[in-house]
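Listed here are the chains, written in short residue letters.
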Amino acid sequence: MLEKFLKPYNPSETEQRLYDAWETSGSFNPDNLPESEGRPPFSVVLPPPNVTGVLHLGHAYEDSLQDAVIRFQRMRGKRALWVPGTDSAAIATQARVEKEYSKRRGESRHDLGREELVRRVYEFAKNSEDTILSQVRRMGASLDWSRYAYTLDEKREKAVTTAFVRMYEAGLIYRGHRIVNWDPKGQTTISDDEIVYQEEQTTFYYFKYGPFTIGTARPETKFGDKYVVIHPDDARYKEWKHGQQLELEWINGPITATIIKDESIDMAFGSGVMTITPWHSMVDFEIAERHGLDKEQIIDEYGKLLPIAGEFAGMKIADARPKIVEKLHQKGLVVKEEPYTHNIATAERTSCIIEPQIKLQWFVDVNRHFSLSHSEIPGIESGSTLTLKELMRAAVERGGVDMPQEGFRKAYFHWIGNLHDWCISRQIWFGHRVPVWYRGEEAFCGTEAPRGNDWEQDPDVLDTWFSSALWTFSTLGWPEKTDDLAKFHPTSFMSPAYEILFLWVSRMILMAGFHLGQVPFKTIMIHGLVRDSKGRKFSKSLGNGVDPLEMIDKYGADALRMGLLVGTALGNDIRFDESKVKGYKHFANKLWNIARFVLENAEKAGVTTLEPNPALVPADLAHLQTLNALTKEVTDDFENYRIYLAADKLYHYAWHELADKILEESKPILASDDETAKTSRAQLLLFLLDRTLRLLHPFMPFVTEEIWQSMPTKDADFLMVARWPDV
RNA sequence: GCGCUCUUAGCUCAGUUGGUUAGAGCGUACGCUUCACACGCGUAAGGUCAUAGGUUCGAAUCCUAUAGAGCGCACCA
């Protein structure tokens with residue numbers, strides 16, 4: 001019976017077998033738990049990994065953290081649900097398939113056609129989903145696979161179109177010509193949050209513009225500039241009146257310019273005078289909007305100059321800039337040049353410099369008032385009128401979403417303060433298509449195509465974060481009124497990386513608030529990034545990747561989980577340390593040997609039950625009290641999401657208290673002739689082991705389960721569904 | 001510019017609401033075939049808790065300033 005304990009603990013022999021046994025038992029699905037109906041719900045949705053991706057340490061960390069919480073709550077008697085899913089990662093996935101196709105055939109997606117491309121991308125995504133899913137399983141994640149969701153499956157498609165239509169009908173989604181971040185390489189718009197600012201050394205030019213001197217870092221945009229903007233309080237230019245016109249010589253000949261007075265001008269910067277290019281600058285666009293000015297396009301969607309540039313038309317920006325400056329020199333219009341350092345906007349995905357463009361796009365209006373007919377959010381009453389911005393703010397400010405980390409709260413509110421309308425249309429083919437159809441001047445927005453001929457659907461798809469924002473409730477069956485939705489939403493807890501606080505977390509709050517009058521989750525604990533041992537991000541180009549599966553092969557999933565969780569305070573970045581993982585592999589083996597010792601002695605003493613009140617001597621009672629105190633602390637740590645502390649304490653207890661002290665002091669007792677003392681001691685040890693296994697199970701599910709299966713005292717088929725000790 | 005986080009043993013990090021001699025893993029030195037475990041046991045070395053002030057009976061923990069590291073947001077044409 002104890003034969004398996006004669007060899008060191010072997011994770012690779014154990015883990016797959018146990019995971020299969022758990023999965024087969026059906027216990028990942030909370031509906032199958034004993035007395036399921038009476039249990040209070042506890043739900044978490046897994047941040048869906050990219051369906052075509054592979055597991056990295058960031059996933060491994062999140063899986064460890066959430067699985068620990070879910071396992072704890074399940075053992076505590078909650079109806080614990082953890083919903084798995086994957087994300088289409090539309091832009092990346094389409095780009096990959098397109099690239100492969102064009103490499104083979106030398107043709108573009110347009111040769112393939114929309115329908116065929118989408119079919120192939122979908123097929124590619126579905127074919128590779130097994131990889132990531134089996135990898136998540138290897139972490140020991142106790143996800144309810146019967147509720148698996150994919151961002152582009154039929155149910156989620158319905159949720160997305162329904163959400164769009166309802167927001168459109170409420171006037172919160174509109175289509176308009178507005179300035180957007182255009183990625184000339186990706187040939188699509190991107191949101192503000194997908195921009196990365198990079199420092200650039202460049203030249204700042206001062207040009208003679210009629211009687212003024214204007215400064216610019218972008219001479220190539222200046223062809224169409226015909227407005228001179230001055231601060232109304234600037235004494236240097238007070239003789240110039242708003243709306244006044246003047247003739248002057250410019251790059252390609254004489255032009256008529258108009259004076260505009262606007263308070264957005266910084267008098268101290270440059271000469272205090274600027275000309276504007278509304279088509280290619282956010283700030284300029286806003287000035288032009290305020291004063292109703294003309295807007296002209298200078299640069300096309302591929303980053304080339306348009307005919308307005310005259311002799312420079314058709315040139316790329318980088319080539320044109322020096323030539324334009326040269327011409328201005330010849331015309332005597334260059335006043336001076338100085339070196340200049342500034343940040344330029346680049347696209348996160350393509351690293352291409354963003355060229356703002358005015359485009360006809362779909363937007364979510366975050367400043368428009370609407371009536372929230374039903375609200376369960378604390379501090380927001382049903383029927384109140386507010387904007388989406390106010391909704392997002394109030395949900396956190398008034399405690400609907402508990403965001404205890406002060407730093408992240410501040411960042412969140414600050415972000416909301418700066419929030420602009422959210423551009424949600426993207427010019428790619430793979431994704432949720434905008435549910436709007438056009439026929440001439442008519443437009444129809446609905447969950448299904450309108451009847452009649454000649455309707456054409458909008459070619460754009462939605463920002464992937466639009467569908468992700470619905471994730472907490474689209475995975476539970478919304479827009480249908482499902483039992484799951486009633487029971488499990490709002491979800492209990494979410495722990496995303498700070499990277500996606502704005503991209504995802506805030507948008508979930510927006511969507512759950514608008515569509516359900518609920519928050520998406522009651523508590524949010526934001527965690528840091530897993531980095532390499534030098535503190536760098538893991539990246540392909542650095543080649544510093546650590547494969548979690550390799551770690552599991554080497555040390556076991558339990559060791560990896562502990563290595564990632566112990567001593568990593570939530571919110572700070574984590575430097576991955578392989579030696580730590582190794583240490584916890586040794587710990588798994590230590591537990592194994594503690595079990596062997598305890599079980600051997602229990603067997604010898606004939607102890608096979610956990611007496612409710614074993615006959616204990618005072619020394620034994622003290623050991624019980626120590627463990628009771630620890631149990632209380634660990635329970636408390638779990639409930640307050642101080643998981644890293646709970647894990648540390650249990651490690652310390654098992655090794656340095658149970659093994660080093662209690663087992664050692666038990667040896668002479670167990671070797672003595674005092675049968676009563678022996679039995680009592682064996683009884684105590686069995687009890688302590690049983691309790692330790694329960695407490696450690698959320699962190700090290702495999703080794704604790706494997707030992708539990710040999711316990712003479714087990715009171716459930718699996719430790720996974722055994723009860724957490726009461727305190 | 002505004003804001004956030006971090007600075008604790010050689011390395012990677014804990015230290016929850018301020019409370020007895022500051023902890024863990026790995027590493028280092030020495031000694032152990034002790035019958036649960038060498039994936040082990042024992043012993044030891046190693047920290048002015050970035051710096052300077054302050055609050056307090058008491059501070060790694062709270063406040064202020066400084067230095068260094070990192071990050072976020074906003075950007076000035």
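Worth saying up front: this structure is predicted, and the values here are computed from it rather than measured.

A. Quick peek at the pairing of strand E2 (residues 79-83). Counting buried positions over the five residues of E2 gives five, a clear majority of the element. Across the two faces of E2 the burial is the same, with Arg79, Leu81 and Val83 and Ala80 and Trp82 all buried.

B. Molecular detail of the sheet that holds strand E21 (residues 456-457). Ordered by their spatial adjacency, three strands build an open sheet running E20-E19-E21, and the pairing between neighbours is antiparallel. Because the sheet does not close on itself, it has two edges, and the strands there are strand E20 (442-445) and E21. Across two bridges, strand E19 (residues 436-439) lies against E21 in antiparallel orientation. Bridging from a neighbouring strand, Trp437 pairs with Gln457 of E21.

C. Geometry of the state of the cysteines. Scanning the model with the defined rule gives zero disulfides in all. Free cysteine: Cys352, not disulfide-bonded; nearest cysteine sulfur from Cys423 at 17 Å. Unpaired in this structure, Cys423 has its nearest cysteine sulfur neighbour in Cys445, at a distance of 16 Å. In this structure Cys423 comes out as buried when scored by relative accessible area, which is 7%.

D. Examining helix H2 (residues 57-75) more closely. Along its 19 residues, H2 runs 27 Å from first to last C-alpha, staying within 8% of the 27 Å computed at 1.5 Å per residue. Within H2, 18 of the 19 residues are buried, leaving the element largely enclosed by the surrounding structure. Of the residues trailing H2, Gly77 is marked for its positive phi of about 95°.

E. View of the protein's contact with RNA strand B. Around RNA strand B, a shell composed of 48 residues is seen, among which Phe269, Val283, Tyr340, Asn343 and Arg575 lie nearest. Taking the atoms of RNA strand B that fall within 4 Å of the protein, sugar and phosphate contribute 65% of them. Within the side chain of Glu664, a nitrogen or oxygen atom sits 3.0 Å from a base nitrogen of RNA strand B. Between RNA strand B and the protein, one listed contact pairs a base nitrogen with a side-chain N or O atom of Lys667 at 3.2 Å. Elements with a minimum of two residues in the surface near RNA strand B: strand E8 (212-216), strand E12 (273-275), strand E13 (334-347), helix H10 (406-417), helix H17 (578-605) and helix H19 (643-671). In terms of residue count, H17 provides more of the surface near RNA strand B than any other element does, eleven residues in total.

F. The arrangement of the packing of helix H9 (residues 388-397) against H10 in detail. For the pair H9 and H10, the least separation of the axes is 10 Å and the interaxial angle reads 165°. Taken together, the axes of H9 and H10 lie roughly antiparallel to each other. In this structure, H9 crosses over H10, and the sense of that crossing is left-handed. Across from Lys389, Met392, Arg393, Val396 and Glu397 in H9, the residues of H10 making contact are Arg409, Tyr412, Phe413, Trp415, Ile416 and Gly417. Tallied by class, residues from the contact of H9 with H10 come to six nonpolar, one polar and four charged.

G. Main features of unusual backbone geometry. In this model, Trp478 is joined to Pro479 through a cis peptide bond whose omega is 10°. Looking at the element boundaries, Pro479 is found in the loop between helix H12 (471-474) and helix H13 (483-488). That bond from His489 to Pro490 is cis: its omega, 0°, falls within 30 degrees of zero. Of note, Pro490 is situated in the loop between H13 and strand E23 (491-494). With phi around 45°, Ala89 is a residue other than glycine that occupies positive phi space. Not every positive phi belongs to a glycine, and Asp454 is a case in point at roughly 70°. For Asp454, the position within the fold is in the loop between E20 and E21.

H. Just the nonpolar core, in detail. In this structure, Leu560, Met562, Phe587, Phe699 and Met700 are the most contacted members of the largest nonpolar core, which totals 102 residues. A total of 13 residues in this core trace back to one element, the largest contributor, which is H19. What Phe587 contacts, discounting residues up to four positions off in sequence, is Met562, Leu650, Tyr651, Ala654, Trp655, Leu696 and Met700. By size, the runner-up hydrophobic cluster in this structure holds 68 residues, among which are Val364, Tyr438, Ala469 and Val505.

I. View of the packing of aromatic side chains. Counted according to the given criterion, the structure contains 35 aromatic pairs. With a centroid separation of 5.4 Å and an interplanar angle of 20°, the aromatic rings of Tyr174 and Phe363 are classed as stacked. Within this pair, whereas Tyr174 is found in strand E5 (residues 173-183), its partner Phe363 is found in strand E14 (residues 357-364), the two being separated by 189 residues in sequence. The exposure class of Tyr174 is partly exposed, given its relative accessible area of 21%. Taken together, a centroid distance of 5.3 Å and an interplanar angle of 65° make the contact between Phe370 and Phe514 edge-to-face. Residue Phe370 is found in strand E15 (residues 370-372), and its partner Phe514 is found in helix H14 (residues 501-516); the two are separated by 144 residues along the sequence. Taken individually, Phe370 and Phe514 each receive the classification buried, so the pair is uniform in this respect. Three or more aromatic residues link up through ring pairs in this structure, and these residues are Phe164, Tyr168, Trp362, Trp422 and Phe466. Over the face of the ring belonging to Phe363 we find Arg178, whose NZ or CZ atom lies 5.6 Å from the ring centre.

J. Here's a closer look at the sheet that holds strand E11 (residues 253-261). One open sheet holds the four strands; their spatial order is E10-E11-E9-E12, and the pairing between them is mixed. This sheet does not close on itself; its edge strands, each paired only once, are strand E10 (245-250) and E12. Sheet twist, expressed as the average angle between the axes of neighbouring strands with direction ignored, equals 35°. For strand E9 (residues 227-230) and E11, the ladder comprises four bridges, and the chain directions are parallel. Within E11, the residue paired with Ile230 across the bridge is Lys261. Together, E9, E11 and E12 form the strand contacts of helix H7 (residues 282-291), whose direction differs from that of E12 by roughly 85°.

Definitions and cut-offs
- Residues numbered from 1 in each chain as written.
- Chains lettered and ligands numbered in written order.
- Predicted model: local features only at pLDDT ≥ 70, side-chain atom pairs only at ≥ 80, totals over all residues.
- Heavy atoms only, no water.
- Buried < 20%, exposed > 50% of the residue type's maximum accessible area, 1.4 Å probe, protein only.
- Helix = DSSP H or I, 4+ residues; strand = E, 2+ residues; numbered from the N terminus.
- Pairing = 2+ DSSP bridges.
- Disulfide = S-S within 2.5 Å.
- Expected span 1.5 Å × (residues − 1).
- Near = heavy atom within 4 Å.
- Polar contact = N/O pair within 3.5 Å; in protein donor to acceptor, adjacent residues only side chain to side chain.
- Axes fitted to C-alpha atoms, helices over the stretch in contact; angles between N-to-C directions.
- Parallel < 35°, antiparallel > 145°, perpendicular 65-115°, else oblique.
- Left-handed = near helix turned anticlockwise from the far one by under 90°.
- Contact = heavy atoms within 4.5 Å.
- Nonpolar A, V, L, I, M, F, W, Y, C, P; charged D, E, K, R; others polar.
- Core = buried A, V, L, I, M, F, W, Y, C linked by side-chain atoms within 4.5 Å.
- Phe/Tyr/Trp six-rings, centres within 6.5 Å; stacked < 30°, edge-to-face > 60°.
- Lys NZ or Arg CZ within 6 Å of the ring centre and 35° of its normal.

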